[in-house]
Each structure stands twice: as C-alpha cells, then as structure tokens.
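# Overview (structure and organization)
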Amino acid sequence: MSSRVLMMGNDAIARGLVENGCAVATSYPGTPASEILPAVVKWKKELSLPLHAQWAVNEKIAFEIAFAGSIAGLRTMVSMKQVGLNVAADPLLSAAYMGVKGGFIVICADDPGPHSSQTEQDSRLMAMFAKVPVLDPSTPREAKEFIALAYELSEAFEVPVLLRPTTRVCHASQDIALGDLLRIERNGGFRKEPTRWAATPKFRLLLHRGLNDKLKAMAVYPQTAPRLLSPGVTAKKAVVTSGVAAAHTKEIMDDLHLRDSCAVYQVLQPYPLHTDFMRTLLGTYDEILVLEETTGVIEMQLADRSKVRGKMSGAVPEAGELLPEHIERIIADFTGASAETAAPPPAAAGRRPSLCPGCPHRASFFAIKKAIPHSRSIYTSDIGCYTLGLNLGAIDTALCMGASVSQAAGFYHAYRQMGKETDIVATIGDSTFFHAGIPALIDAVVQDARFVLVVLDNSTTAMTGNQPTPATGIGACGDVTGKISIEGLVKSCGVAFCKEGNPYRVPHFVALLKEAREHSRTHGLAVVIARYPCLMDKRSKEERLPAVAVAISEECDGCGYCTKEFECPALEPDEAAKKVRINRILCTGCGVCLHVCPKRSIEGVERA
Ligand code: SF4
Ligand code: SF4
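Calculation rules
- Residues numbered from 1 in each chain as written.
- Chains lettered and ligands numbered in written order.
- Predicted model: local features only at pLDDT ≥ 70, side-chain atom pairs only at ≥ 80, totals over all residues.
- Heavy atoms only, no water.
- Helix = DSSP H or I, 4+ residues; strand = E, 2+ residues; numbered from the N terminus.
- Rg over C-alpha atoms; globule rule 2.2 N^0.38 Å.
- Buried < 20%, exposed > 50% of the residue type's maximum accessible area, 1.4 Å probe, protein only.
- Contact = heavy atoms within 4.5 Å.
- Areas by Shrake-Rupley, 256 points an atom, 1.4 Å probe, with all protein chains shown as cover.
- Lys, Arg positive; Asp, Glu negative; His and termini not counted.
- Charge placed at Lys NZ, Arg CZ, Asp CG, Glu CD.
- Near = heavy atom within 4 Å.
- Nonpolar A, V, L, I, M, F, W, Y, C, P; charged D, E, K, R; others polar.
- Patch = residues over 30% accessible without salt bridge, like charges linked within 9 Å, V, L, I, M, F, W, Y side chains within 5 Å.
- Salt bridge = Lys/Arg side-chain N within 4 Å of Asp/Glu carboxyl O.
- Core = buried A, V, L, I, M, F, W, Y, C linked by side-chain atoms within 4.5 Å.

### Concerning the overall build of the protein
Summing up its helical and strand segments, the protein has 20 helices and 23 strands in all. Relative to the globule expectation of 25 Å for 608 residues, the C-alpha radius of gyration of the protein, 27 Å, shows essentially globular dimensions. Based on the C-alpha atoms only, the size of the protein along its principal axes is roughly 80 × 65 × 55 Å. Burial statistics for the protein: of 608 residues in total, 55% are counted as buried. In the protein, 77% of the contacts between residues at least 6 apart in sequence involve partners at least 24 apart. As displayed, the protein has an accessible area near 25700 Å², and 56% of this comes from carbon and sulfur atoms. Across the protein, the centroid of the 65 positively charged side chains sits 4 Å from that of the 65 negatively charged ones.

### Details of the site of ligand 1
Around ligand 1 lies a shell of 13 residues, among which Cys 556, Cys 559, Gly 560, Cys 562 and Cys 597 are the nearest. The residue makeup of the shell around ligand 1, split by class, is eight nonpolar, three polar and two charged.

### Some thoughts on a nonpolar patch on the surface
Taken together, the side chains of Leu 125, Met 300 and Met 312 present a nonpolar region at the surface, about 230 Å² in accessible area. Secondary-structure assignment places Met 312 in the loop between strand E13 (308–309) and helix H14 (324–335).

### Thoughts on the nonpolar core
One finds Leu 17, Phe 63, Phe 67, Met 77, Leu 85, Ile 105 and Ile 107 to be the most contacted residues of the largest nonpolar core, which totals 77 residues. Of the residues forming this core, the biggest block, eight residues, is contributed by helix H7 (residues 140–157). Discounting residues that sit within four places of it in the chain, Leu 17 has contacts with Cys 22, Ile 36, Val 40, Met 77, Ile 105, Ile 107, Ile 147 and Tyr 151. Grouped together as the second largest cluster of nonpolar side chains are 71 residues, Cys 359, Ala 440, Leu 441 and Ile 582 included.

Keep in mind that these numbers describe shape and distance, not what the molecule does.
If you want it as structure tokens, here you go:
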C-alpha cells in the first residue's frame, strides 16, 4: 500500500504505531496528546487489528499497563501530555533501570507557549533525568517515521524510548504516506526474572550500571545520529536545532540564502546526544548556535560552551515557543544576515476564554458564590475546563491534578493552627477526581479536615475532547466497560455527607451547598456532586432538561451584574440600548440566568 493522506500529527503518530505493530495502547487525555489514542482506535477498527486500546484512570496507571505489555514481549505505547509525565515519573524512572522486552514508546507531547498547560516543561529534560533516550520530531511526517525508529531503538537496547512531539507537530497537518502493516508474531509471554522485574536495591545498582552502559552505546547508534542538512558546506559557523525549531530553521536558512555559508544540523535524539557529533561540532566550528524548545537540553550537553550561543548565553529566549519570527531574528544576529522580519500581526480583539453557554459548571460556580460567599471563604480548584471559573471569581487556587482537595485540607489545617475559621470550598471535575482526587480525599478524611468538596460531574473528560471517565461505562473503543460510582467511592472513603444535586436547579442547589457548609462547620467534610452532562458530549443528549426560552425585560438597566458575575457568552451588553441582550445563536436555553439578575429582568417566555 502506498497512498498519501493529509493527516494531523497525532493521527500520523497513531498510523505509525499501528504500522509498526503496536499491540497495547494506553493513555490519559491531555492536550496536545489527546487525539493519539482515538486515532489508534480508528485504525484498529478500520483494519480489524487485535490491539488493546484504553483510557486509564491517570498517566501512572496508563504507563504501568503499557509497560507490563512490553515486558510480556509486545510492542506497546503510552501517550500523555508533558505534565502527565510528572504523574508517571515514578514508574518511568524504575522502568528505565529494568528495561523492556517488546518495544515501549512513551509519547509525551510538550506544549511550549504554553497553550493549554500549567507549565511549559521540556520532557527531554525528564528523559535526561530518567536516563532514557528521547526523539524530537520536527513535523507530523517525521513523528510517524520516528515511531519505527523508536521501536527499533527500544528493542535494540531494551529501554523505554520517549517520543516528544510538541503542540505544533501534534496539531499541524501534512500529507503522510501510508505504509504496510508490520506483522509481528509474539507468543513468548512474560519470562520470570525477579532480579530484574522485581529488583531489590542491591540489584538496582547493577541495573543502573547497565543503563549507563546502554546510554553510552545509544550515544553512538548510527540510526539516531544528527543529520547534516547542508552537505558540502565548509563554514565556521553551525546551527544545531531540533523539534519544530528544526522545521522553521530549514525554511529560514533558505529564505536568508544562508545554506552555503552556515552548517545546519538537525538533532533527532537530543538525549543522549551523540558523542562523535559533539566532538565534531566543537572541533570544527568557531561559533555554534543551538535552537531548541524549551530548555537547553542539547546545549547543556555541550561541555565546552565558550563557542556556543543559545539559552544560557542569552541569545535564545528561555521560555515560550520559538516562533519563525524569533528564529529568523536570532539566526540573522548569529550570521550577520539582514532579516526583513515582518511585524507580528496585531492580536485579534475578542472575549477572554469562558465556559460555554449553558455549561453546568457556570451554574455550579454561581451557586457556590451565592451559598458560601467569597469574602468569607477560600475556593480551591483544579485542572480541567472548569479552571475557567477563575474568571467568575470562583477559584483562588489551581495547582495541579487533585490538588484542590489536598490544598483545601492544607488551608483547613493552617487556619486551625492559627486559631482562625474560614469556609473552604474545593471544586474538582469527575475525571480529575478519579485521576488524583481520591487519595487526597482519603487523607482529608483521616486527618479530619473540614471543607465542602464539590465534584463537578459532567460525565466526561470535557477539556480534552469528551473522553469517558471511569463512571461513564464506555471504553476507548466504544465498548461497554465496568462503571465506578462517585457516590460509592466518596462514601467508602468515609465521608458521611455525600449528596447529589443538579446545578441547573439553582435555588435547590444553593440550598444543598448551604446544608453542606453547615455540615462542614460542625461535623466534617461534606461532598456535593454537581451532576449535569456536558453540553458538548453528544452521548448525553437524552439526559438533558428541555430548553427554556429566556428574554430580557424592559426593566433591565444594563448594570452588568449578569455579564460580569455570571459571564454567559449568550448575554451580551447592548451599549446603545444600555441593556443586555440574549444572543439567540449562542443561548442553549439552560434557564440558569433566570436566577441571576438581582432585579429579575431576565424572564422565561413562551416559545413561539
Ligand atoms: S439583566 Fe439584570 S443583571 Fe443583567 S444587566 Fe440587566 S439588570 Fe443588570
Ligand atoms: S438560558 Fe441564559 S444562561 Fe442559559 S445559555 Fe441562554 S442566556 Fe445563557
């Protein structure tokens, strides 16, 4: 087969996985990696592949399932975003020592910028920390090609291999050649080897030494050696680049007519950096410019930095994406070429990001502010689309997955130490609750921390594209799975007060929150499950309430309370009329705004 198809980077990665015999694919959703697993599932179905694909409850679990598949001899992969690798860091570091059998690729998509992440951390640095090799594709096509390379490397050296695409690779599109499927028959199964797979500290030292030896060998492995993109050039200056920066650099060198006067190298494997390459680079060139996102991983491996310009010398910014206009300016400074950099286009005016019209989270946040006012409370929250509750003044903290619960407990203990009292409301999404909220809840119960925990249960992982949660009962392939009850979990964690409410029924939900607050003040932790399906999730259409028609009455004086405190995008200021108006295209008819206007100027109307 050899046809070409226009594909997004994540689809290309998925295609590379199935072409190269991946038999177990696991993931926890996180932008920019979320589309990889669904694309694997699409190919699995289209090609009737006997492949196990699943969303896991968090990245650590996803990693461990795929790792087990690998040590049983299969080719496997786990995908996640860069902050997900923090969650999976524990098994990653041990898996590096133990090594693998079947090829094991850890796909960790980085988000320089950052566009949708808490941090713009560089997973190549994590690879260095874990002592595993990392490949850095510059385009969707390369990302697919690197899957084959990663499996080859992983099996040649029996190590997990990190593939690190960045947002621009994951979400860019390119025409991709479809290759044949590699048929791999593997029936070996797991071979018991306790000194390796269940190694105690004495054996870990031996495994660590073995890993160091592998790293030395990988640093001279010809297949992953840097590519000289300017053969035949005899220059005293060299540009060394990797990832998306390499794709931009290639074009800019052409635009500035520098191909004949400056050597350009693309590093495929930033760690371990090839030893011969380092020797050649430092021995041949007088000046070396290193262009890489986001941390100076290549740069820091170049021991003699007297010739090197990069992040550490201040020539290259140490944070943010390296956009083409930045790279053009840096290369022009380095080479002395004149660059006619076009001014960046003016930022488009627009509304700040907001929860969708009719989003049940907006209703929950509004009710929380009503029931347990901000001025006398601390609002901790978490990572998900509901982090946009920040705009509504309903979030004071958002640290990392699961931290809303542990931070709420931390505030409770801190205030108690100081002899002070405050109400504390933690908000967490359903998927995040399963991901990292449960251990924090157990700890809060054991330590008798007192606060209100609102689980924002919209029956999906909304932020990353509506993947199922353990409570959904549907698997990655659309199969029926086991179902976990959030109420059951909360109660078995020892929480006596656990009640469910529909945030669209605002008065009832406010009353429920007040009841929970009283319980938290006098008895202990109270959990409220705010349950209403995400409007973007097509699976849950039949669970929604009938739409309500709303209108703005003549009494509206345009005070702006509803647009500022509630911020439904369907409520628009009408400057000329000094009122607000309903944008009928955006309005979902949730009816929540009927409870928002203090002057009752938003009314329900008969549908025409
Ligand atoms: S609808 Fe009510 S809250 Fe909104 S601007 Fe008019 S009067 Fe103010
Ligand atoms: S009914 Fe009100 S709150 Fe709901 S989407 Fe329409 S304008 Fe927004």
